[in-house]
Amino acid sequence: IEQVIVLAAGFDTLVQHDYSKYPKVQFLEIDHRATQEIKKDAFVDINPITTNVTFVAADFQKQTLKTILDQHC
């Protein structure tokens, strides 16, 4: 596995739990900005130098998944 994409995870901790176990895997978490800002801020405070995790703020009511992935993958 080279990449894990998590969609609309809310406050699920899958990425936070697994990113350090699999440093060669790229983790991309796509979620609504309001939820993600809280989660991303907490994650970055604890893990300031993480190169295999990307948080993408998106609104699935206004953007298609294809558009989001085209911009970030």
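Residues numbered from 1 in each chain as written. Predicted model: local features only at pLDDT ≥ 70, side-chain atom pairs only at ≥ 80, totals over all residues. Heavy atoms only, no water.

**Things to note about a nonpolar patch on the surface**
To be explicit about the condition: Only residues whose relative accessible area exceeds 30% and that take part in no salt bridge are eligible for patches, with like-charged residues grouped when within 9 Å of each other and nonpolar side chains (Val, Leu, Ile, Met, Phe, Trp, Tyr) grouped when within 5 Å. For accessible areas, the Shrake-Rupley method is used with a probe of radius 1.4 Å. Any residue's cover is judged against the shown protein chains and nothing else. For this analysis, a salt bridge means a side-chain nitrogen from Lys or Arg found within 4 Å of a carboxyl oxygen belonging to Asp or Glu. The buried label applies to any residue whose accessible area, calculated with a 1.4 Å probe on protein chains only, is under 20% of its type's maximum; exposed applies above 50%, and partly exposed to all values in between.
A contiguous nonpolar surface patch, about 300 Å² in accessible area, is contributed by I5, L7, F60 and L65. You can call L7 partly exposed: its relative accessible area is 42%.

**A short note on the pattern of salt bridges**
Basically, it comes down to this: A run of H or I in DSSP counts as a helix once it spans at least four residues, and a run of E counts as a strand once it spans at least two, with each numbered from the N terminus.
If you walk through the whole model with that rule in mind, you get three salt bridges. D70 serves as the salt-bridge partner of K66, at 2.9 Å between the closest nitrogen and oxygen. With a gap of four residues between them, K66 and D70 both fall in helix α3 (residues 65-72), about one helical turn apart. With respect to burial, K66 and D70 carry one shared label: exposed.

**Considering the packing of aromatic side chains**
Quick reminder of the rule: The rule is short: rings of Phe, Tyr and Trp, with Trp giving its six-membered ring, pair when the centres are within 6.5 Å, and they are stacked under 30 degrees, edge-to-face over 60, tilted in between.
For the coordinates displayed, the defined rule picks out two aromatic pairs. Measuring from ring centre to ring centre gives 5.1 Å for Y19 and F43, while their planes differ by 75°; the resulting arrangement is edge-to-face. Separated by 24 residues along the polypeptide, Y19 in the loop between α1 (14-18) and β2 (26-31) and F43 in helix α2 (residues 33-46) bring together distant segments of the chain. Relative to F55, the ring of F43 lies with its centre 5.4 Å away and its plane at 65°, an arrangement referred to as edge-to-face.

**Concerning the pairing of β2**
We apply this condition: Two strands qualify as a pair provided DSSP detects at least 2 bridges between them.
Counting buried positions over the six residues of β2 gives five, a clear majority of the element. Bridge count for strand β1 (residues 3-7) against β2 is five bridges, and the pairing is parallel. Bridge pairing in β2 links Q3 to Q26. Pairing between β2 and strand β3 (residues 53-57): five bridges, direction parallel. Among the inter-strand pairings, L28 is bridged to a residue of β3, identified as T54.

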